[in-house]
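Survey of secondary and tertiary structure
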Amino acid sequence: MLLWRKARVIYPQHSKLTDKEKTNICYLSFPDSNSGCLGDTQFCFRFRQSSGRRVSLHCLLDQFDKDLPVYLKKDPAYFYGYVYFRQVRDKTLKRGYFQKSLVLISKLPYIHFFHTVLKQIAPEYFEKSEPYLEAACNDVDRWPAPVPGKTLHLPIMGVVMKVRIPTCHDKPGTTQIVQFTQQADTNISVILPTVHEVDLFRCFCPVFLHSQMLWELVLLGEPLVVMAPSPSESSETVLALVNCISPLKYFSDFRPYFTIHDSEFKEYTTRTQAPPSVILGVTNPFFAKTLQHWPHIIRIGDLKPTGEIPKQVKVKKLKNLKTLDSKPGVYTSYKPYLNRDEEIIKQLQKGVQQKRPSEAQSVILRRYFLELTQSFIIPLERYVASLMPLQKSISPWKSPPQLRQFLPEEFMKTLEKTGPQLTSRIKGDWIGLYRHFLKSPNFDGWFKIRRKEMTQKLEALHLEALCEEDLLLWIQKHTEVETVDLVLKLKNKLLQADREHLPVKPDTMEKLRTHIDAIILALPEDLQGILLKTGMT
C-alpha cells in the first residue's frame, strides 16, 4: 500500500512506480473538469501494471491470497487507486480554487476499507500537510498482516478500526463481521461490517427494474459503459455491477473511472475491431461520441442520497444516444435470456414505499443476485465434479489420472434433470444463457480455477495413496537405482505440495517425510550422504 499526493510526494518513499504508472495515476486522481465536484469527493480507479516491472507491492500478500474468496484475490496485472479529492473556492489562489487529491494505491480490492482509511486521514492532511501524512504512514507500518478470517485492530491517527477480511470458507451471502461482545470496547472507534462491498441498492436504484438484465450482461462479459456525471457515481456503479455476480469472479477488465488520458484509451475505443469484454465508467462527454458503437450503455444521473429514490430509467435503442446530455437510460438492443423476476421488483418497490433503509434494500438485492448466481453455477459445479476420476483409480505407482474433458453438449443434457429449475423460480431460455456463458471470459476464468483445484486434489490424493504404502517393503524388491529415483520423486512431491499449497493433511506431509528418512537410512552410507544433501526432508 502506498499513499500518493499529486506527482511530487509518494509514501513510503522507497515505493517504485514506472513513469507510465505515475502518468496514469496523475490523470485518474482528479475528476474531469466537466464534473464540477465541489467539496470532498471519494472514488476509485483501476489501472494496468506496466509490463516488465520487477519490483512489486504485492509479493508479501501471496501467502494470504490462497485463503481469500476468488473475487477478493489480487490481480497481478492491476493496481487499485482510492481517491479523496477536495475542491473548494479560494480567492487567494490563482485558479480561484483549492484542488488536491490524496490517493492510496493497493493491489487489494478492499473498496470500503480503503475509502474509510482515506476518510480518516485526508481531511486532516489537507490542513496539516506532509508531517501528518508521514505520521499516518507510520501507523500503517505497524498494522498486522492482512490474514483472512482474523479480526484485525488497525490504529490510524488516533482512531482504531476493527475489521475482518473474508475467507474462502465463509458461507456466501452471510455478513462475516465478528460477533461483538455486549460491553462497549472503548478502544474501537470504527467497526467495518465489510471490507469490499459497496451500497448495492443505491447504485442499482435508478435501474433496479433492469437489474436482472444487467446481471446477464455482466455474467456474459459483454462490453458495457457506464456514463455518469462524476467519478464517484461511475466508480460505485461499475463496482456494483462487478459485485452483482458474486461469488463468481468477474474475470474481464473493468475500469471504475476511465479517462481520455488512460494508456489503454486507444485500445478500448478503436472502431477497427469489436469492443472488448470490459466495463468502463466514464464522465467525459467526449465518450458519448467515442463509445456510441458499444452495444450496451448505461447513462445515469446523480445518485440520490440514501432515502431518496430517483426516477426509474428505461431501456432505449442505441441510436437515441447522441450526447452525454441524453436522458438517463439503459441503451441496448440486448434481449435477456431469462424472464424478468417480478417478485424482486415488487419487494424493492414495497421497500421504497415503506422508506426501508438503503442498507436493508441492499441486503435484499444482494441475496437475490447471490441466489440467481448460485442457481446458475450449481449445475456447472455438479457437472465439473463428475469429471473427477474415481478415487479407486488412483495408484501410488502411476501418475495421477487426468480429469475428463468438459463437453458442452454433455453438460447441456444434464440440465433437463439437474438444471437451475431445481433452485430458481425464474423461467426463460436457461440453455441459451449457458451456451453464451461457455464462450465468455468469465467461464474460461472460472473453469481454469476449478480445473486447477481438482488437479491439485488429485495430486493430494496421490500423495495420500503413497503414504499408505509400505515403502520399506517396496525397496526390498527393487534396485538401489530405483530406490534413489523414488526418494527424489518423493522429495519433489513434498516441494510441489508446499509450492502449490496442495490440499494435503498435515499428518500426510509428516508421514511422507518419515517415509523418506526411513528409506534413506536403509541405503548405503555413501548414498545417504548424497540424498540428505539433495533437497529438504
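Keep in mind it's a predicted model, so treat the numbers as computed, not measured.

1. Brief notes about the nonpolar core
Core analysis: the biggest nonpolar cluster contains 101 residues, and Phe 113, Phe 204, Trp 215, Phe 376, Leu 380 and Phe 406 have the highest contact counts within it. Ranked by residues supplied to this core, first place goes to helix H11 (residues 358-385) with 10 residues. Both domain 1 (19-142) and domain 2 (205-364) contribute no fewer than three residues apiece to this core. When residues no more than four places from it in sequence are discounted, the contact partners of Phe 376 are Trp 215, Leu 219, Trp 430, Leu 433, Tyr 434 and Phe 437. By size, the runner-up hydrophobic cluster in this structure holds 23 residues, among which are Ala 460, Trp 474, Ile 475 and Leu 512.

2. Let's talk about the packing of helix H16 (residues 480-499) against helix H17 (residues 506-521)
Helix packing for two helices is described by the angle between their axes and how far apart those axes are. Where H16 meets H17, the axes come as close as 10 Å, and the angle between the chain directions of the two elements is 155°. By the angle class used here, H16 and H17 are roughly antiparallel. The two elements H16 and H17 cross, and the hand of that crossing is left-handed. Contacts between H16 and H17 involve Thr 483, Leu 486, Val 487, Leu 490, Lys 491, Leu 494 and Ala 497 from the former and Met 509, Leu 512, Arg 513, Ile 516, Ile 519 and Ile 520 from the latter. Residue classes in the contact of H16 with H17 are distributed as 10 nonpolar, one polar and two charged.

3. Points about the environment of Ile 165
Considering the arrangement of structural elements, one finds Ile 165 in the loop between strand S7 (159-164) and strand S8 (190-191). Beyond its immediate stretch of four places on either side in the chain, Ile 165 contacts Leu 68, Tyr 110, Pro 146, Val 147, Pro 148, Gly 149, Lys 150, Leu 152 and Val 195.

4. Focus: the sheet that holds S8
If you walk across this open sheet you meet the three strands as S6-S7-S8, and the pairing is mixed. Bordering the open sheet on either side are strand S6 (151-156) and S8, each of which pairs with just one other strand. Inspection of the sheet shows S7 paired to S8 by two bridges, in the parallel sense. What sits directly across from Met 161, in S8, is Val 190.

5. Observations concerning the sheet that holds strand S11 (residues 278-282)
The mixed open sheet is built from six strands, whose spatial order is S10-S11-S9-S12-S14-S13. Lying at the two open borders of the sheet, with one neighbouring strand each, are strand S10 (253-255) and strand S13 (314-316). The sheet shows a mean angle of 15° between the axes of neighbouring strands, taken without regard to direction. With three bridges joining them, S10 and S11 adopt parallel strand pairing. Bridge pairing in S11 places Arg 255 opposite Leu 280. Contacts between helix H7 (residues 231-243) and the sheet are confined to strand S9 (224-227), S10, S11 and strand S12 (296-299), with S11 contributing the most and set at about 160° to the helix.

6. Description of the confidence of the model for the chain
Across the chain, the average pLDDT comes to 86, with 88% of residues at or above 70. Within the model, pLDDT remains below 50 along residues 178-184, and this stretch shows four contacts once partners closer than five positions in the same chain are excluded.

7. Observations regarding helix H3 (residues 111-128)
With 18 residues, H3 extends 25 Å between its outermost C-alpha atoms, agreeing within 8% with the 26 Å of an ideal straight helix rising 1.5 Å per residue. Among the residues making up H3, those that are buried are Ile 111, Phe 113, Phe 114, His 115, Thr 116, Val 117, Leu 118, Ile 121, Ala 122, Tyr 125 and Phe 126. Ser 129 sits one or two residues past H3 and shows a positive phi near 65°.

Cut-offs applied
- Residues numbered from 1 in each chain as written.
- Predicted model: local features only at pLDDT ≥ 70, side-chain atom pairs only at ≥ 80, totals over all residues.
- Heavy atoms only, no water.
- Core = buried A, V, L, I, M, F, W, Y, C linked by side-chain atoms within 4.5 Å.
- Buried < 20%, exposed > 50% of the residue type's maximum accessible area, 1.4 Å probe, protein only.
- Helix = DSSP H or I, 4+ residues; strand = E, 2+ residues; numbered from the N terminus.
- Domains from an automatic or database assignment.
- Contact = heavy atoms within 4.5 Å.
- Axes fitted to C-alpha atoms, helices over the stretch in contact; angles between N-to-C directions.
- Parallel < 35°, antiparallel > 145°, perpendicular 65-115°, else oblique.
- Left-handed = near helix turned anticlockwise from the far one by under 90°.
- Nonpolar A, V, L, I, M, F, W, Y, C, P; charged D, E, K, R; others polar.
- Pairing = 2+ DSSP bridges.
- pLDDT = per-residue confidence, 0-100.
- Expected span 1.5 Å × (residues − 1).

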